[in-house]
Amino acid sequence: MKRTVRPYGDKKNDGAVQVSFTLPVAKSALATEAAKRYVSQMGIRDPYVTLAEPIAPDFTFFVVYGRATHEVDLSAISAEEAPAGALTRDEIDAEIARRFGRRLIVLGCALESDAHTVGLDAIFNMKGFAGDYGLERYHGFDARNLGAQVPVAEVARRIREAAADAVLVSATVTQNEIHVRHLTDLVDMLEAERLRDKVVLVAGGARVDHALAKELGYDAGFGPGTTASVVAAFLLEEISRRQGVA
Amino acid sequence: MTASKLGLSSERIARCRSLASEVAAGVRRETEKYTTVATERTVLRLLGVDGVDADEVPLPNRAVESLAAAGKLPRGAAVWMGSALAQGSGTVADAAARLSDRAGAAALAEHPRWRDALLPHVERGLERIRGNRSDRERRMASHPPDALPLLYAIVATGNIHEDLVQAQAAARAGAQCIAVIRSTAQSLLDHVPYGATTSGFGGTYATQENFRLMRAALDSIEEELGRYVRLVNYCSGLCMPEIAAMGAFERLDMMLNDALYGIIFRDINPLRTLIDQNFSRRINAAAGVVINTGEDNYLTTADAVEQAPAVLASQFINERLAKDAGLEDWQIGLGHAFEIDPELEDGLLHEIAQAEAAREIFPDAPLKYMPPTKHMTGNVFRGYQQNALFALTSVATGQSIHLLGMLTEALHTPFLHDRWLAITQADTIRRNARHLADELRFAPDGRIVRRARAVLADAEAILERVASGGLFAALSQGVFADTRRAIDGGRGYEGVVGRGAAYANPFMEAFTHAPASAGARA
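Calculation criteria
Every chain begins its residue count from 1, and numbering advances along the sequence as written. To label them, take the chains in the order written and letter them from A, then take the ligands in the order written and number them from 1. The predicted nature of this model means local features are confined to residues of pLDDT at least 70 and side-chain atom pairs, given and counted, to a pLDDT of 80 or more, with totals for whole chains, interfaces and linings taken over all residues. Hydrogen atoms and water are omitted, and side-chain values are computed over all heavy atoms in the structure. The helix and strand labels rest on DSSP assignments: H or I over at least four residues marks a helix, E over at least two residues marks a strand, and numbering proceeds from the N terminus. Radius of gyration means the value over C-alpha atoms here, while the globule rule gives 2.2 Å times the residue count to the 0.38 power. Three exposure classes are used, based on accessible area relative to the maximum for each residue type with a 1.4 Å probe and protein chains only: buried under 20%, partly exposed in between, and exposed over 50%. Here a residue-residue contact requires only that any non-hydrogen atoms of the pair lie within 4.5 Å. Using the Shrake-Rupley algorithm and a 1.4 Å probe, accessible areas are obtained, with residue cover drawn only from the displayed protein chains. Asp and Glu count as negative and Lys and Arg as positive, but His and the ends of the chain are not part of the count. Charge positions come from single atoms, namely NZ of Lys, CZ of Arg, CG of Asp or CD of Glu. Note on terms: buried area is the combined drop in 1.4 Å-probe accessible area of two parts once they are placed together, counting the loss on both. One speaks of a salt bridge when a side-chain nitrogen belonging to Lys or Arg is within 4 Å of a carboxyl oxygen belonging to Asp or Glu. In protein, a polar contact requires one atom able to donate a hydrogen and another able to accept it; more generally it is a pair of N or O atoms within 3.5 Å, and residues adjacent in sequence count only if both atoms are side-chain atoms. Stacked, edge-to-face and tilted are the three classes for Phe, Tyr and Trp ring pairs, Trp counted by its six-membered ring, which pair at centre distances within 6.5 Å; planes under 30 degrees apart are stacked, over 60 edge-to-face, the rest tilted. Over a ring means this: the NZ of a Lys or the CZ of an Arg is within 6 Å of the ring centre and within 35 degrees of the ring normal.

Concerning the overall build of chain B
At step 1: On a plain count of helices and strands, chain B comes out with 22 helices and eleven strands.
At step 2: Taken against the 2.2 N^0.38 rule, which gives 24 Å for 522 residues, the C-alpha radius of gyration of chain B at 23 Å falls within 12% of a compact globule.
At step 3: In terms of overall dimensions, chain B has C-alpha extents of about 70 × 55 × 40 Å along its principal axes.
At step 4: Looking at the 522 residues of chain B, the share that counts as buried comes to 62%.
At step 5: Sequence separation of 24 or more characterises 76% of the internal contacts of chain B that already satisfy a separation of 6 or more.
At step 6: With the model as given, the accessible surface of chain B reaches about 18700 Å², and the carbon-plus-sulfur share is 52%.
At step 7: In chain B, 55 side chains carry a positive charge and 63 a negative one; their mean positions are 3 Å apart.

So this is what it looks like as structure tokens:
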């Protein structure tokens, strides 16, 4: 059965949306008309320009409200929820000890030109993030944060040397979707080096989600706000599955 | 300065300064035995050596590499430039070409009158720096005083020509400082790229030509705006002093200049970068540049409440290291940040306590206050609200340099209108709360006062620990940002060179013995 949805403003199916953008045109009646036409072509009816602000000599910033006319049929689409863990840190540590009898080796890094470590540190550092301790605090993990700007070849070498069970890659968005390229480069490298099957590969970052990560050849992707315990629970289950341990 | 609102103990503050002096003295004892390849390249740049060879290798790198290969670096590159000039090289370029040739460098003998031959070139470099400084002072004096805190915007397109458009747009919207973010990997390059550049990742390469283009673009709208727009870049990483020299030559006004940042967050060798920092700060001091330190970064990786004392301890150390390099109070832009979890009860009170404490402890420093980044979630509306609290705290505690928070922080490099929204937000709050700081008093034994006192007491304890073993030991123990760095580890250690008994650096001598005269504040 079809289940169609449209945005909900103040009543069902009104399609209310807000759009904001800048046109490289000096503020003028013509610029505002262009903004309305532009929004109309996005499939939005009754565009109402609430702000037309000249933010630079040849640039105007617009906020436009309107009613989207198209709809999406929920019964015709599907999406995979990111894996979520319900285990506590102690439970995860206990399970690792029971199932493996050793510490799981987890490497973390940001690749190539990516110098950002905020996301990586939030998952790895003892202190963790949002009151949830990082992987370094777990007894069950030998968590090795390799830091930022690690070349993909170096990641492969470290996986081999450490006999790592999993690798977490933090990807911060820079220009030109370069984060996607680096993530793909790593998968290519690990496949070429016959290492891909030996490790659980996880991506994380502000614009990473589970679907994107799967598409790029990762086992999972975690977006903003993810805490270490969620990643830890996933690692436990996925490494168990891969290595046939239960 | 008005009476302390926090009632901080002046004895305790003095004790912290005294401990910081011990730390700085220890750093000096350790570092003054060495020079570095970057420091020697900087001497060449100050003498006027510039350009790249057919392989795009900068000429200062070529010359220093061959001097090192010939075992001549412990004497200082200046000696060999002077010797080449005294022995027939007609120009600085000729002399540099001779040093760049391995055989030429190896064959070059020291000339007894190398100093005389070099002197006019040293003087020309110093004169260019002095000229830029007085030009800046003249320009600033011709306009009304700036509203404070200075609004500081970042551009980072990767293409210098696109940066010029965005920088002018930001300046016209009200930004008073324009920082051009460097390409992400540049801090780890052991050379400075050359010429105008159009491709960088997450930023634009710092090159002397890019500096010149941006300076000209900002100067070109000075009259239209009726104010001077400050230009900022990053004098950090493996080429720290070279970039200071380039900035001094192209009239940059502010430089991020902090060895600890490179050590902790880029794994640059501590010895290398502290040596480089000292020379770069000497140059910045002479050029009338305001430096920005990077303590704010401790808060982005570790917990902002727990790290507050480490930030303050680092500020004390950075202040002392800066003063020892000839910088005056008005040039020392100590960094800190608004990074406390917004979900924390009374988190704003902690922010106010820390910002007010920094203001009272460093009353004459142009404090650099950094926006929330760690707890920006992608909810742009919440982000805009966090930035408003940040801007209000900045005004209420009399901060000096306000790095604008972007509502799309952590999502993408700012759109043109993201920057405009940030500028108008901070400008509105600055005007709307103009004299709030004058009106505010804190409950004498209330949460804010207690928090500030506790942070100061804990900072003193950290300084005691650092002073007892020295900064290098503290770095190896992970005192700052929970990160351990060894004195002989990290990037660039191979570029540390023991000084010979007769090491000479005429620029260092000039900066050390003739401190720059007090000038207008930048």
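That shown, we press on.
Points about the interface of chain A and chain B
Many analyses report the size of an interface as the accessible area lost when the parts associate.
At step 1: The partner chain B presents 33 residues to the 25 residues of chain A that form the contact.
At step 2: Around 2400 Å² of area is buried between chain A and chain B when both sides are counted, 60% of it from carbon and sulfur atoms.
At step 3: Connecting chain A to chain B are zero salt bridges.
At step 4: The interface formed by chain A and chain B contains one residue pair in polar contact (both at pLDDT 80 or more).
At step 5: Secondary structure elements with two or more residues in the side of chain A that touches chain B: strand S2 (16-23), strand S3 (44-56), strand S4 (59-68) and helix H3 (118-124) of chain A.
At step 6: Per element, the largest residue contribution to the side of chain A that touches chain B is three residues, and it comes from S3 of chain A.

Some details on the side chain of Gln168 of chain B
At step 1: Along the chain, Gln168 of chain B turns up in helix H8 (residues 160-173).
At step 2: Beyond its immediate sequence surroundings of up to four residues, Gln168 of chain B is in contact with Ala217, Ser220 and Ile221 of chain B.

Let's talk about the packing of aromatic side chains
At step 1: Taken as a whole, this structure holds ten aromatic pairs over all chains when the rule is applied.
At step 2: The interplanar angle of 45° and the centroid separation of 6.2 Å between the aromatic rings of Phe21 of chain A and Tyr38 of chain A together place this pair among those described as tilted. Of this pair, Phe21 of chain A sits in strand S2 while Tyr38 of chain A is found in helix H1 (residues 29-41), placing the two residues 17 residues apart along the sequence.
At step 3: By relative accessible area, Phe21 of chain A is classed as buried at 13%.
At step 4: Note on Phe316 of chain B and Phe362 of chain B: the rings are 5.2 Å apart at their centroids and 55° apart in plane angle, and the pair reads as tilted. Linking Phe316 of chain B in helix H15 (residues 304-324) with Phe362 of chain B in the loop between helix H16 (347-361) and strand S9 (368-370), this pair joins segments that are 46 residues apart in sequence.
At step 5: A relative accessible area of 2% places Phe362 of chain B in the buried class.
At step 6: The side chain of Arg137 of chain A reaches across the aromatic face of Tyr133 of chain A, ending 3.9 Å from its centre.
At step 7: Across from the ring centre of Trp80 of chain B, 5.1 Å away, lies the NZ or CZ of Lys72 of chain B, which sits over that ring.

What to know about the pattern of salt bridges
At step 1: One pass over the full model with this rule turns up 57 salt bridges over all chains.
At step 2: The salt bridge involving Arg241 of chain A is made with Glu238 of chain A; its shortest N-O contact spans 2.7 Å. Linking Arg241 of chain A with Glu238 of chain A, this pair stays in helix H7 (residues 228-242), spanning three residues, or about one helical turn.
At step 3: Judged by its relative accessible area of 56%, Arg241 of chain A is exposed.
At step 4: Look at Glu238 of chain A and you get buried, because its relative accessible area is 11%.
At step 5: Arg212 of chain B is paired through a salt bridge with Glu209 of chain B; the nearest N and O atoms lie 2.8 Å apart. One end of the pair, Arg212 of chain B, and the other, Glu209 of chain B, are both in helix H9 (residues 208-219), three residues apart, so they sit about a helical turn from each other.
At step 6: Judged by its relative accessible area of 38%, Arg212 of chain B is partly exposed.
At step 7: Under the relative-accessibility criterion, Glu209 of chain B is labelled partly exposed at 27%.

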